[in-house]
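Observations on the model geometry
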Amino acid sequence: MTIDKSWTQIRKRSNSVVFWQGLQSFLQMAKSHVNDRGFIRCPCNRCINNVQHQLEVLETHIHRFGFMSDYNEWIYHGENVNAASSSNVPQLNSGVHDRDEMFEVLEDIISNDAEVDQLSSQSSNVQYDDLFTALNSELYPGVSSFSSLNFLVKLMHLKVMNKWTNKSFDELLKLLKLAFPKMDLVESHYEAKKLMTKMGLGYQSIHVCKNDCALFWNENSMSETCPVCSESRWKMQAGRRTGKNVPHKVLRYFPLAPRLKRLFATSKTAKLMRWHQAGKSTDDNVMRHPVDGRACKDFDRKHPEFADDVRNVRLGLAADGFNPFNNMSISYSMWPVVLTTYNLPPWLCMKPKYLMLSLLIPGPQSPGKDMEVFLRPLIEELKELWENGIDTRDAGNDRKVFKMWTALLWTVNDFPARSSLSGWSGQGYKACPTCNEDTPSMRVIGKTAYFGHCRFLPSTHRWRSNLDFDGRTERKRPPRRFSSVDIMDQLRRVKTSIPGKHPNYGGVKRKRGDDELNWRKKSIFYELPYWAEIELKHNLDVMHIEKNICDSLLGTLMGDPHKSKDTDNARRDLQHLGIRSELHLYEDGNKLMKPAAEYTFSEANRRKFCRFVRSVKFPDGFAANLSKNVAQNDSRIVGLKSHDCHVIMQRLLPVGCRSLVNKTISSTIIELCTFFNQFCARTVNVTDMVKAQDQLVIILCKLERIFPPGFFDIMIHLVLHLPEEAILGGPVYMRWMYPFERNAAKPEGSISEGYVVDEALTFCSRYFDDIETRFNRPDRNDDGIHRTSRLFVFESQCKPMGKQSQVYIEKNVRDMAEFYILNNSPEIETYLNQHKQELQLRGCLNPDEAHRNEFADWFFEKIYAMNRVHAPEVTYELLSLASKSNIFVSSYPACIVNGVRFVTHARDVRLKTQNSGVSVPGTENEIFYGQLQQILEFSYLNDFSVVLFKCKWFRCDSRRMVTENNITSINITSESYKDDQFILASQAQQVFYVEDPSREDGMSDIDLLQDNSSSNFTLFVDLGNLPQINLQRNDGDVIPIVQPFTTVSQHVNKTASFLNDDDEEDVSEEDDETVEESADEETDEGNDDVDIEEDDDDRSYHTSDSD
């Protein structure tokens, strides 16, 4: 029977009944020839039978793009199926297109962009013409391994990954053209970028009034003047418009819906978008993701229709200003607004490759109170995605269409930006958004101090009647809890203000009424139907809070004239309050004298603390080289960045201040630092946060008895509300600004264009396996060892670094090492016990020593005897283990094990990093500490090997190891376990040693990092009744010196850490072949201990009962 194919030649397809009927007949015939996934080749003019789609997509494509003119025999769709080799079928270059990843890329892009609910009435879309042309072009005549598009995308990806300049890329293209004249390649980076942009999602340029009054968008899109201030839309010269219409400001808006659809366009991410439900914590007391927090649970309870489909998207929003010109002398503030997706697992959702740029707000001025003007396009789209949703193809579910709804959970901003977004001013007597109108505050000279935390204490607490705080008895009740209804009632009293900065309109300052409290406006977020009911709307940014507190503490302790809060006015405040008379200013002749305070370091102690910071050596990738921040004369610490303060606050300050100020002051500071350490844990315990809430009140009250009121800015007070926010929102590492503060130093237009290209390349790179991409690049300390074995000890492998050398070790040392290997092989525990029983039956006087000396030979004879009779339990691995190791052993100066870099102590002393500290758990929950001396690889038969660490172990008895304030001190001059020096490389955990500036007897302090769970940190140190403190320091007094110690901080630098993102160019690589000083370890803002996963597979140390 002849098939009517004339309908395929009809060009005016939109209104043609013949075309429609012919298309339906074709689809009915093709329906019986789809594959098991429901896919079939698409014969449209774009896919030309090289891309497979479902039938509904075929229908859309053929209607939009037309039917292939040279596809005369429909061999893929039911006609003459046996003639699949017909010459009439268009064939692509053999070998290229079957494995060219770009076909799959374009297939997902086109199917995602196509209409999913009805046929498009548009004519042929030419967006993908150039892409398909490049895809069907050989890179070079006769070269079938690359299409032109595939090669260009991978070349552009290498440019982005390695940060090539545009000029260098142009030069490379010229060289390739010169070397291979027939190569089908673009001429310049500009042409390459234009092609890549067609795979991106683009952005909208929206003109803005010069005074930030309104957007020229929607109903104002055709206006020539601002609807508020009547200023011209265009730049003017001498009162006239320039030759070309140039707007004053341009807002770049990156539509959200297509970017969310892209997350479901490929199965590589579509399944990850369900993780938040599958990976939810089953323990209500443990939180490891925002969905485990009370706020998300409450949201799901109030909106069950949204919670029913796990694919519905949950977003977080962050905004912060920065200067794109890297020149602080130029006043310019540009604000990117970034969205993150909380559907993803915790190790991905804060990675740069999963963050979505939504708005790029132009400078030169900060938007301030007019932020809502710029947020208008995003809010309108969020309302649409909540009320109506959007049809989306789910690649993780056979590309079926579902309705996707989206909700914004909260915002993440520093405190000034929070004021712009929330509408609650962060200044004045009522600056705290949580305490609201009950904010504890008082006026001191020149500023407002947030002082008076005794009101948070129980009404019967004795400190309420203590006059040492501010000279008054505290009778106020704790601040009230303000519900959503209370907040909405307050907002109804807020007057509507005119937007913009025009001096006659929005720029006119108005005085807030008493009934408006600190509200400047009603936030635009309240237009979202669900926003008023959200418990946690705006997160307090821990990154900036921690940095500000660290700066205040360090500045005051160090007596820094630029950052100290112990100013002359602070002393006058004490005099006005009538407290701490020993710190009052006094006149000595014609001079005004300022008594030294106990909470500041003396000159000698200040230099001692600076030398302490300068001497610290961190593990690889742990922190920046802080010695650069210490002044040459050891008098100041300057230029600290946010992550530097993070490390100092949690690791160095607790150790460094212990002996430099009195115990009451140091213990209080240590308690505060320990809270941040606990709070920043990867897994948060709800019970711990409830306890911390009460304990922080005590800590702040202690601080009020130590420091003057001027010390207490709003950042100190906000610490009190962090535990509550952790209970609502989950772990803080998914709610702070570290991942978002990675700004490109380029003007707005360049950032926008670059982002679109980078977005397209990131999507393409998900499909590439043969080159390094953001998704498959190895982590900085990736060991690459994934060997599996029936014997546990043969899995003790590493990635060696540096020069290999063959060494011969003495027999007694070899016997020690081989017995340790056998004794830590749980698979031969039966033989170990059998040998012990034989020794007991033999009546051996010292069975433990005999077992150690004789077991290896006994085991060898036992296994070989069993092998001679072909015993089934004797495997190649067991036989290799019994045969003992080669007499020559491979030695390395460094290696990577389980994502951690270890370096021998001999090499470590010459580097600026410290990677030789090791620890291992014992059989009775004790921990052993030591230094790595040698990395030895013992070779066995059949290419099996075992890597051992030979270590110098320190004595860990009660006399030589003391724990106080969660800091463990150990004597590193006293060696122990000389007859048991080995551990398996896979058992080692990394620690680093920090010398205590106060001790001089060979002792070392240990700041344990334990696990990344908040329950592993001791927060509160009970000092009993707080004694009366004399805060005046007599520099003539002799501070007793207790022995020199070193702090050991346990460090497990796992490669899966959430902040150790793919952009690791900021971390200096260590040269494996040199033993000189390594490059400075300047890490990116998130690579810290708080995000490290501890290995739960703890192996026993001195036992044969390992399991």
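Conventions used here
- Residues numbered from 1 in each chain as written.
- Predicted model: local features only at pLDDT ≥ 70, side-chain atom pairs only at ≥ 80, totals over all residues.
- Heavy atoms only, no water.
- Helix = DSSP H or I, 4+ residues; strand = E, 2+ residues; numbered from the N terminus.
- Buried < 20%, exposed > 50% of the residue type's maximum accessible area, 1.4 Å probe, protein only.
- Contact = heavy atoms within 4.5 Å.
- Axes fitted to C-alpha atoms, helices over the stretch in contact; angles between N-to-C directions.
- Parallel < 35°, antiparallel > 145°, perpendicular 65-115°, else oblique.
- Left-handed = near helix turned anticlockwise from the far one by under 90°.
- Pairing = 2+ DSSP bridges.
- Expected span 1.5 Å × (residues − 1).
- Arc of directions from axis to C-beta.
- Nonpolar A, V, L, I, M, F, W, Y, C, P; charged D, E, K, R; others polar.
- Patch = residues over 30% accessible without salt bridge, like charges linked within 9 Å, V, L, I, M, F, W, Y side chains within 5 Å.
- Areas by Shrake-Rupley, 256 points an atom, 1.4 Å probe, with all protein chains shown as cover.
- Salt bridge = Lys/Arg side-chain N within 4 Å of Asp/Glu carboxyl O.
- Core = buried A, V, L, I, M, F, W, Y, C linked by side-chain atoms within 4.5 Å.
- pLDDT = per-residue confidence, 0-100.
- Bend = angle between axes of the 7 residues up to and from the residue.
- Phe/Tyr/Trp six-rings, centres within 6.5 Å; stacked < 30°, edge-to-face > 60°.
- Lys NZ or Arg CZ within 6 Å of the ring centre and 35° of its normal.
- Polar contact = N/O pair within 3.5 Å; in protein donor to acceptor, adjacent residues only side chain to side chain.

1. Details of the overall build of the chain
When you go through the chain residue by residue, the secondary structure sums to 29 helices and 35 strands. Per-residue burial for the chain yields a buried fraction of 58% across its 1107 residues. In the chain, the proportion of contacts linking residues at least 24 apart, taken out of those at least 6 apart, comes to 72%.

2. Points about the packing of helix α19 (residues 642–656) against helix α20 (residues 663–679)
Viewed as axis vectors pointing N to C, α19 and α20 meet at an angle of 155°, and their least axial separation amounts to 9 Å. Classified by the angle between their axes, α19 and α20 sit roughly antiparallel to one another. Relative to α20, the crossing made by α19 is left-handed. Where α19 approaches α20, its residues M649, Q650, R651, L653 and P654 are matched on the opposing element by I669, I670, L672, C673, F676 and N677.

3. Points about the sheet that holds strand β21 (residues 799–801)
Spatial strand order, β21-β24-β25: three strands in an open sheet with antiparallel pairing. Lying at the two open borders of the sheet, with one neighbouring strand each, are β21 and β25 (900–903). Ignoring which end each strand starts from, the neighbouring axes of this sheet average 25° apart. As paired elements, strand β24 (residues 894–897) and β25 share four bridges and run antiparallel to each other. Looking at β25, one finds that I896 is bridged to R901.

4. Regarding helix α6 (residues 166–179)
In a regular helix each residue adds 1.5 Å, so 14 residues correspond to 20 Å; α6 covers 20 Å between its end C-alpha atoms and thus fits that length. Residues of α6 that are buried: F169, L173 and L176. Projected down its long axis, α6 shows its buried positions confined to an angular sector of 65°, all on one face. Exposed and facing more than 90 degrees away from the buried side of α6 are K167, K174, L175 and L178. Along its buried surface, α6 packs onto α5 (148–162) and α7 (189–197).

5. Topic: the packing of helix α1 (residues 17–30) against helix α2 (residues 55–65)
Following both chains from N to C, one finds α1 and α2 inclined at 150°, their axes separated by 11 Å at the closest point. For the element pair α1 / α2, the angle class is roughly antiparallel. The interaxial crossing formed by α1 with α2 has right-handed handedness. On α2, the residues that touch F19, W20, L23, Q24, F26, L27 and A30 of α1 are L55, L58, E59, I62 and H63. The residue inventory of the contact of α1 with α2, partitioned by class, reads nine nonpolar, two polar and one charged.

6. Details of a nonpolar patch on the surface
Judged by side-chain polarity, Y808, I887 and F888 come together as a nonpolar surface patch covering roughly 340 Å² of accessible area. In this structure, F888 sits in strand β23 (residues 888–892).

7. Topic: the environment of L822
Within the fold, L822 resides in helix α25 (residues 811–823). For L822 and V793, which are 29 residues apart along the polypeptide, the C-alpha to C-alpha distance reads 8.2 Å. The contact partners of L822, leaving out residues within four places of it in the chain, are I828, L832, F855, A856, F859 and L881.

8. Considering the nonpolar core
Within the largest apolar cluster, 176 residues are counted, with the highest numbers of intra-cluster contacts made by L408, F609, L653, L672 and F676. With 11 residues, helix α21 (residues 686–706) is the single largest residue contributor to this core. Aside from chain neighbours lying at most four places away, what touches L672 is I549, L553, M649, L696, I699, L703 and V719. If you look at the next biggest cluster of nonpolar residues, it comprises 56 residues, including L27, A134, F151 and L761.

9. Looking at the confidence of the model for the chain
In this model, the chain carries an average pLDDT of 82, and 84% of its residues clear a pLDDT of 70 or more. Under a pLDDT of 50 for its full length, residues 1006–1011 has, in the predicted model, 39 contacts with residues more than four places off or in other chains. Between residues 1016–1107, whose pLDDT stays under 50, and residues either more than four places distant or in other chains, the model counts 352 contacts.

10. Examining helix α13 (residues 371–387)
The end-to-end C-alpha distance of α13, which contains 17 residues, comes to 24 Å, matching closely the 24 Å that a straight helix rising 1.5 Å per residue would cover. Its maximal kink placed at P377, α13 deviates by approximately 45°. For α13, the buried fraction is high: 12 of the 17 residues fall into the buried class. Every buried residue belonging to α13 is among M371, V373, F374, L375, P377, L378, I379, E381, L382, K383, L385 and W386, and all of these are buried. Where α13 ends, the next residue or the one after it, G389, has phi of about 70°, a positive value.

11. A look at the side chain of N436
Relative to the elements of secondary structure, N436 occurs in the loop between α14 (415–422) and β15 (442–444). Residue classification places N436 among the buried residues on the basis of a relative accessible area of 1%. Setting aside residues up to four positions removed in sequence, N436 forms contacts with W424, K430, F482, I487, Q490 and L517.

12. Topic: the pattern of salt bridges
In the structure shown here, the tally under the stated rule is 42 salt bridges. Residue E671 is joined to K702 by a salt bridge in which the shortest nitrogen-to-oxygen separation is 3.2 Å. Residue E671 is located in helix α20, and its partner K702 is located in helix α21; the two are separated by 31 residues in the primary sequence. Comparing E671 with K702, the two get one shared label, buried. Several salt bridges share partner residues, and in doing so they unite D212, K249, K369, D370 and K501 into one network.

13. Thoughts on unusual backbone geometry
Each neighbour pair has its own omega, and for G363 with P364 the value is 5°, a cis peptide bond. Counting through the fold element by element, P364 comes out in the loop between β11 (356–361) and α13. At N436, a residue that is not glycine, the phi angle is positive and equals roughly 60°. Of note, D943 is a non-glycine position whose phi angle comes to about 65°, a positive value.

14. Side note on the sheet that holds strand β4 (residues 215–216)
One open sheet accounts for eight strands, arranged β4-β3-β7-β11-β10-β9-β14-β17; its pairing is mixed. Sheet topology places β4 and β17 (538–540) at the edges, where each strand pairs with a single neighbour. Most of the contacts of helix α8 (residues 257–265) go to strand β9 (residues 313–319), to which it runs at about 130°, and overall it touches β9, β10 (335–341), β11 and β14 (406–413). The strands touched by α14 within the sheet are β9, β10, β14 and β17, with β17 carrying the most contacts at an inclination of about 165°.

15. Structural notes on the packing of aromatic side chains
Here a ring pair, both rings aromatic, is described through the centre-centre distance and the interplanar angle of the planes. One pass over the full model with this rule turns up 46 aromatic pairs. Between F928 and Y977, the ring centres sit 5.3 Å apart and the planes meet at 85°, which makes this aromatic pair edge-to-face. Here F928, found in strand β27 (residues 927–939), pairs with Y977, found in the loop between β31 (975–976) and β32 (982–984); they are 49 residues apart in sequence, far enough to count as distant. Site record: aromatic cluster; members linked through ring pairs are W7, F19, F26, F67, Y71, W74 and Y76. Above the face of the Y76 ring, R41 is positioned so that its terminal group lies 4.4 Å from the ring centre. When the ring centre of F402 is taken as reference, the NZ or CZ atom of R311 above it lies at 4.0 Å.

16. Side note on the environment of V793
With respect to the helices and strands, V793 occurs in the loop between α24 (748–765) and β21. Looking at V793, the relative accessible area reads 0%, which means it is buried. Distance in space between the C-alpha atoms of V793 and Y820 is 10.0 Å, their sequence separation being 27 residues. Not counting residues up to four positions away in its chain, the partners in contact with V793 are I821, N824, S825, L881, S945, V946 and L984.

17. Re the side chain of K565
Residue placement: K565 occurs in the loop between α16 (542–558) and α17 (568–577). Within the structure, K565 has its side chain in polar contact with the side chain of D713 (distance 3.0 Å). Residues in contact with K565, not counting those within four places in the same chain, are K447, S552, T556, A570, P708, G710, F711 and D713.

18. Points about the pairing of strand β28 (residues 945–954)
In terms of residue burial, β28 counts as a mostly covered element, since nine of its 10 residues are buried. Counted between consecutive antiparallel strands, the loop separating β27 from β28 contains five residues, among which N942 sits at a positive phi close to 60°. Of the strand pairs in this sheet, β28 and β32 are connected by three bridges, and their pairing is antiparallel. Directly across from K950, in β32, lies its bridge partner F982. Where β28 meets β31, two bridges bridge the pair, whose relative direction is antiparallel. By the bridge assignment for β31, F954 is matched with E975.

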